[in-house]
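# Structural overview
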Amino acid sequence: MRNTLLTLATLGIAVLGLYLLTQAEGSSGLLSAITLIFIWGIAAISLNLINGQLGILSLGHHGFMLIGGYVTALLMLPERERAPFRTRLLSDWARDHLDLDKWLRALGLDYVANSVDLKFVIALFLAGIAAAIVGVIVGAPSLRLKGDYLAIVTFGFGEIIRLLPNAPEVAAFTNGPLGIKGIPGNAGGVWWTFFAFLFVLWFLSRLKFSSYGRAFEGIREDEIAAEAMGVNLAYHKVLAFTISAFFAGVAGGLYASYLQSVDTQTFNFFVTFFLLVAISLGGLGSITGAVLGTAIVVLVRIYGGFLEEAYPAYVGYTGAALLMLGAFAFSAYIRKARRLRPVIETKHYIFGALGLGLLLVAFLFRGEPWMTQTVQFFGMRKILLAVILILIMIYRREGIMGRAEFSWKLVFGPREDIPTEEQRKQDAWLSNPDLNPDLQKEDDDASA
Amino acid sequence: MPLLELRNLYKAFGGLQAISNVSLTVNEGEIVSIIGPNGAGKSTLFNLITGVYRPDRGDILFQGERINGLTPDQVTKKGIARTFQNLRLFTHLTVLENILIPQHHRLKSSWLAAVLRTPTYLKEEEEMRKTALEKLSFFGPRLMSFRLHQPVYVLSYANRRRTEMARAMATDAKLLLLDEPSAGMNPKETKEITQIIRRFRDEGGYTIVLVEHKMNLVGEISDRVVVLDYGEKIAEGDYKDVVNDPKVIEAYLGRREE
Ligand SMILES: Nc1ncnc2c1ncn2[C@@H]1O[C@H](COP(=O)(O)OP(=O)(O)OP(=O)(O)O)[C@@H](O)[C@H]1O
Ligand SMILES: [Mg+2]
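What you are looking at is a predicted structure, and each value in this text was computed from that prediction instead of being measured.

What follows is about helix H6 (residues 157-170) of chain B. Over its 14 residues, H6 of chain B runs 20 Å from end to end, which matches the ideal 20 Å to within 8%, given 1.5 Å per residue. H6 of chain B sits mainly inside the fold: 12 of its 14 residues count as buried. Among the residues of H6 of chain B, those classed as buried are Ala158, Asn159, Arg161, Arg162, Thr163, Glu164, Met165, Ala166, Arg167, Ala168, Met169 and Ala170 of chain B. Where H6 of chain B is buried, its residues contact helix H12 (223-228) of chain A together with strand E6 (80-82), helix H3 (95-100), helix H5 (119-136), strand E7 (175-179) and helix H7 (187-202) of chain B. After H6 of chain B finishes, the residue Asp172 of chain B shows a positive phi value of roughly 75°.

Below, the discussion takes up the pattern of salt bridges. By the definition in use, this model includes 26 salt bridges over all chains. Across the pair Arg162 of chain A and Glu159 of chain A runs a salt bridge whose closest N-O atoms are separated by 3.1 Å. Here the residue Arg162 of chain A and the residue Glu159 of chain A both occupy positions in helix H8 (residues 147-163), the gap between them amounting to three residues, near one helical turn. A single burial state applies to Arg162 of chain A and to Glu159 of chain A, both of which are buried. Of the charged contacts, one joins Arg66 of chain B and Asp59 of chain B as a salt bridge, the two residues approaching to 2.7 Å between their closest N and O atoms. Judged by relative accessible area, which is 23%, Asp59 of chain B ranks as partly exposed. Overlapping salt bridges bring together Glu30, Arg224, Lys233 and Glu236 of chain B as one network.

What follows deals with the pairing of E7 of chain B. On a regular strand, each side chain points to the face opposite its neighbour's, so the side chains alternate between the two faces of the sheet. Residues and elements named next belong to chain B. For E7, the tally of buried residues reaches five of five residues, placing the bulk of the element in the interior. Here E7 shows no split at all, with Leu175, Leu177 and Asp179 on one side and Leu176 and Leu178 on the other all buried. Of the strand pairs in this sheet, E6 and E7 are connected by three bridges, and their pairing is parallel. Across the sheet, the residue bridging to Ala81 is Leu176, located in E7. In this structure, E7 lies alongside strand E8 (residues 207-211), joined through five bridges in parallel fashion. Bridged to Leu177 within E8 is Val209.

Conventions adopted
- Residues numbered from 1 in each chain as written.
- Chains lettered and ligands numbered in written order.
- Predicted model: local features only at pLDDT ≥ 70, side-chain atom pairs only at ≥ 80, totals over all residues.
- Heavy atoms only, no water.
- Helix = DSSP H or I, 4+ residues; strand = E, 2+ residues; numbered from the N terminus.
- Expected span 1.5 Å × (residues − 1).
- Buried < 20%, exposed > 50% of the residue type's maximum accessible area, 1.4 Å probe, protein only.
- Contact = heavy atoms within 4.5 Å.
- Salt bridge = Lys/Arg side-chain N within 4 Å of Asp/Glu carboxyl O.
- Pairing = 2+ DSSP bridges.

Structure (structure tokens):
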């Protein structure tokens, strides 16, 4: 009861906040960041179903998203964008028949066809279905292969799917390297993705906390034991792949609509890579973690732009020096927290001294020409993400959340896994012969 | 009709004949112990029965039905459940979750019904929880309150063994195969587990086949003892007769030098 109220209150605040944001001036950057967090969040949660809950490393998620993206694009493409010069490689048949609008009108559902929103819902659903069908196919090898081998196969599938749109035969449906442009944007702006995100969050959390979700986690923990306990491995693995692919397809459709175009570069392996970074950062197996991780990754990508601008060289030197000093302090902090001795090792002192030296150099020579010429580092955002990931893997392998999920109980209690004073006493009575004379007697029996 | 019947089973790993010509019948309500020196093939026999390995030759019948060739989950659905010699619990899941997963195969609701939390699904889930508590209550109150919600990796070794037995029971099996249920337990815990195994049969109605090295446990509860050595059945019968059988003594102690 209390928890339901808290959830509703949080939702209310989120809706209100989002509403105020849409009304505010100059918030478009933030809004598009939020939109992206929702879209990538859906993809990350769905990837987490396979990688985190089922415990299978799958590297082909971008393939599922691509299928969803193309299906949505094709079905939603408005009449005027279907002009032959825009869709040169698309076959006439695909151009004329793969059109949701026409289908709906043929069925006499004109009022649905008149609403872009409703059409979008249907297109996303079909996109999910298409991706799910492919998910079954990609999931099938998971029945025979394990671990790294399976990861390679899923990667292969993902790449095949990514390259297919360029093949001449397939280009009749995908418009080849030109891609499809002019897809209507998310009609309701950020709201669209917000509600889609909430739905997926709801759906997949419900799945996780159901008997099926437990079966998935059983497979992750110990496949042999799960099978011995009656869990049908083939069925559950393919089921997880299918559901995951479905929502990946939905995310792909949302993203295509966000960009208002798709081509073969929209969904490359980096998509899966960023999703992997996000869920590893947040904690494999945790839906909360997947969302948190996605938020971090997206924010770094969007607001990390300043890292890649042109600066005078001394800014770069100062930055590097500060990073080194930061690493020095961080290592000391970690070693102190872990009660390691010495708190600061010699090599750390040297490292810190180098950082200090660099800072000094940057300060002293800041006027020199080699210090004032501008330099620019492209790819800094990716490097930053990689560094964050490395740090997480070294210092907190299980990610920010570990396998835990956010819940109101976790925050406000009651925690069922922590014994109350009474339970603790009872437990001691059960197991401690000093307190319980019955146990003492049994002890004598046993040794006799 | 015997509950379980093994007919001339053979299993080789490469050149190693792990099981050769083993026949065995287990009747309903019996407690049968399988003993034998290390590497005798006891665990392999369990793996054959539960479908982890396929026998090279021979038949396995459960309630008169041939079950060799079935996958482990299908065998479990037929009504045979096992514990593992080296615990194989779902370590990061809670005790309760560990005992709910083996009941999953009986769930009738589809995954969509489970997500939508239909009334039927909720009722099934409720039943599963009840069954879980019922199975855990065999082991007294120690796993019942807060430990129910603790992940398995924080449990003591003896509690993990107990959880694994409760997990096997929760599959709704008729026949329990227990692979060294008392391994790693102290004398007091062993004594307790002996009584619990007997209660499995008397109160739970299970038929039990167990592999054990602790002879006092075996002697105390077995209706019948089967001795394996190098994959062959070398003796079968009453505990007292079996332990005095010269062939068995030889298997354990080696042949006396003449
Ligand atoms: N998968 C396998 N591949 C190859 N050899 C195996 C395999 N499983 C078991 N063996 C061999 O088969 C023989 C019987 O092993 P098994 O585990 O059944 O013995 P056990 O009677 O259970 O012994 P213990 O008392 O030590 O548990 C051993 O020699 C073992 O090395
Ligand atoms: Mg063994």
